[in-house]
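Chain residues, written in single-letter form:
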Amino acid sequence: MEYKNPLGVDIDLETGVIPGAKKLVRRLGDLKGYFVDEKAYEELLKENPVVYEVYAIEQEEKDGDLNFATTVLYPGKVGKEFFFTKGHYHSKADRAEIYYGIKGKGGMLLQTPEGKAEWIEMRPGTVVYVPPYWAHRTVNTGDEPFIFLAIYPADAGHDYGSIKEKGFSKLVIEENGEVRVVDNPKW
Ligand code: M6P
Ligand code: ZN
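Residues numbered from 1 in each chain as written. Chains lettered and ligands numbered in written order. Predicted model: local features only at pLDDT ≥ 70, side-chain atom pairs only at ≥ 80, totals over all residues. Heavy atoms only, no water.

Undergrad: Describe in detail the overall build of the chain, supporting the description with residues and values.
TA: Looking only at helices and strands, the chain has 2 helices and 13 strands in total. Relative to its length of 187 residues, the chain is compact, with a C-alpha radius of gyration of 16 Å against a globular reference of 16 Å. Projected onto its principal axes, the C-alpha coordinates of the chain cover approximately 60 × 35 × 30 Å. Within the chain, the proportion of its 187 residues that are buried is 44%. Sequence separation of at least 24 residues holds for 68% of the intrachain contacts in the chain that already meet a minimum separation of 6. Here the chain has roughly 10,100 Å² of accessible surface; of this, 50% comes from carbon and sulfur atoms. For the chain, the separation between the mean place of its 24 positive charges and that of its 31 negative charges on side chains is 4 Å. (Helix = DSSP H or I, 4+ residues; strand = E, 2+ residues; numbered from the N terminus. Rg over C-alpha atoms; globule rule 2.2 N^0.38 Å. Buried < 20%, exposed > 50% of the residue type's maximum accessible area, 1.4 Å probe, protein only. Contact = heavy atoms within 4.5 Å. Areas by Shrake-Rupley, 256 points an atom, 1.4 Å probe, with all protein chains shown as cover. Lys, Arg positive; Asp, Glu negative; His and termini not counted. Charge placed at Lys NZ, Arg CZ, Asp CG, Glu CD.)

As structure tokens, then:
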């Protein structure tokens, strides 16, 4: 039997960086078609800001093993809609996931394949359980980076397809200075 080596790493709780992790950067240009206000999207695209960064420690895609990653989701809006991660189902749809809030303010939109949506607010210390089959997207509703840790099965995979096409049935927007979760007019 070949055993893997255990690993301990310290997440920088101010920046979200995991030393030695693989870094992924998503700019606004990588999120074409994701925000409802297309005019506001094109306008902000001139600056093409970084929307989020992911620092991931990933294993081979085998059942029983675990991956983990921090996400640094920057504050910002496209029109009224707060910045968010793409959002995905798992390729192995029955795989669950755990999120843990580290810094900043935001929340998670979850959705079943039938379109039933849930919104869960996240603060530092909040644990969110993503059950099997639910799509999940995080949203920064604050004015500083929203940082959280995700732990997920190594064989879960990411299925972006249907979220890319249709989005979520709910939008998280700012209206009169308040965070509101409203129906997506394009759903
Ligand atoms: C979390 C995890 C990752 C995911 C990342 C960004 O860190 O769920 O698996 O990649 O968020 O989310 P997305 O892939 O939807 O852009
Ligand atoms: Zn996931």
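More follows now that the structure is in view.
Undergrad: So what's going on with unusual backbone geometry? Residues and values would help.
TA: Although it is not a glycine, N48 adopts a positive phi angle of roughly 40°. Turning to its location among the elements, N48 is positioned in the loop between α1 (38–45) and β2 (50–57). Residue N176 is not a glycine yet carries a positive backbone phi of 50°. Along the polypeptide, N176 turns up in the loop between β12 (170–175) and β13 (178–183).

Undergrad: Break down a nonpolar patch on the surface for me, citing the residues and quoting the values.
TA: A grouping of L66, I98, Y100, V127, Y129 and I151 is seen on the molecular surface, where their side chains present a nonpolar patch of about 550 Å² in accessible area. When contributions to the nonpolar patch are tallied by element, the ones reaching two or more residues are β6 (97–103) and β9 (127–130). Here Y100 lies in strand β6. (Patch = residues over 30% accessible without salt bridge, like charges linked within 9 Å, V, L, I, M, F, W, Y side chains within 5 Å. Salt bridge = Lys/Arg side-chain N within 4 Å of Asp/Glu carboxyl O.)

Undergrad: Please provide a residue-by-residue account of the packing of aromatic side chains, values included.
TA: Where two aromatic rings form a pair, the distance of their centres and the angle of their planes describe that pair. Going through the model one piece at a time under the given rule, you end up with 5 aromatic pairs. Their ring planes at 20° and their centres at 4.2 Å tell us that F35 and F84 sit as a pair that is stacked. Taken together, the positions of F35 in the loop between β1 (22–27) and α1 and F84 in the loop between β5 (81–82) and β6 put the pair 49 residues apart, joining distant regions of the chain. Using a relative accessible area of 4% as the deciding quantity, one classes F35 as buried. Of the residues examined, F84 reaches a relative accessible area of 2% and is grouped as buried. One aromatic cluster is present, formed by F35, Y41, F83 and F84 through successive ring pairs. The residue whose ring lies beneath R137 is F84, and the NZ or CZ to ring-centre distance is 3.7 Å. (Phe/Tyr/Trp six-rings, centres within 6.5 Å; stacked < 30°, edge-to-face > 60°. Lys NZ or Arg CZ within 6 Å of the ring centre and 35° of its normal.)

Undergrad: Describe the coordination of the zinc ion (ligand 2), naming the residues involved and giving the relevant values.
TA: Around the zinc ion (ligand 2), the protein contributes the donor atoms H88 (NE2), H90 (NE2), E97 (OE) and H136 (NE2), at 2.0 to 2.2 Å from the metal centre. In this structure, the zinc ion (ligand 2) is surrounded by 4 donor atoms whose angles at the metal cover 86 to 160°, and the resulting shape is irregular. Along the chain, the residues donating to the zinc ion (ligand 2) fall in the pattern H-x1-H-x6-E-x38-H. Each member of the pair, H88 as well as H90, carries the same accessibility label: buried. (Donors = N, O, S within 2.8 Å, 3.2 Å for Na, K, Ca; no water. Tetrahedral: all angles 85-135°; square planar, octahedral: opposite > 155°, others 65-115°.)

Undergrad: An account of the environment of T70 is requested, with residue identities and associated values reported.
TA: For T70, the position within the fold is in strand β3 (residues 66–73). Expressed as a C-alpha distance, the spacing of T70 and A56, which sit 14 residues apart in the sequence, is 6.6 Å. Setting aside anything within four residues of it in sequence, one finds T70 in contact with I11, G16, I18, E53, V54, Y55, I102, F148 and L149. Within the structure, T70 has its side chain in polar contact with the backbone oxygen of G16 (distance 2.6 Å). (Polar contact = N/O pair within 3.5 Å; in protein donor to acceptor, adjacent residues only side chain to side chain.)

Read these as geometric descriptors, not functional statements.
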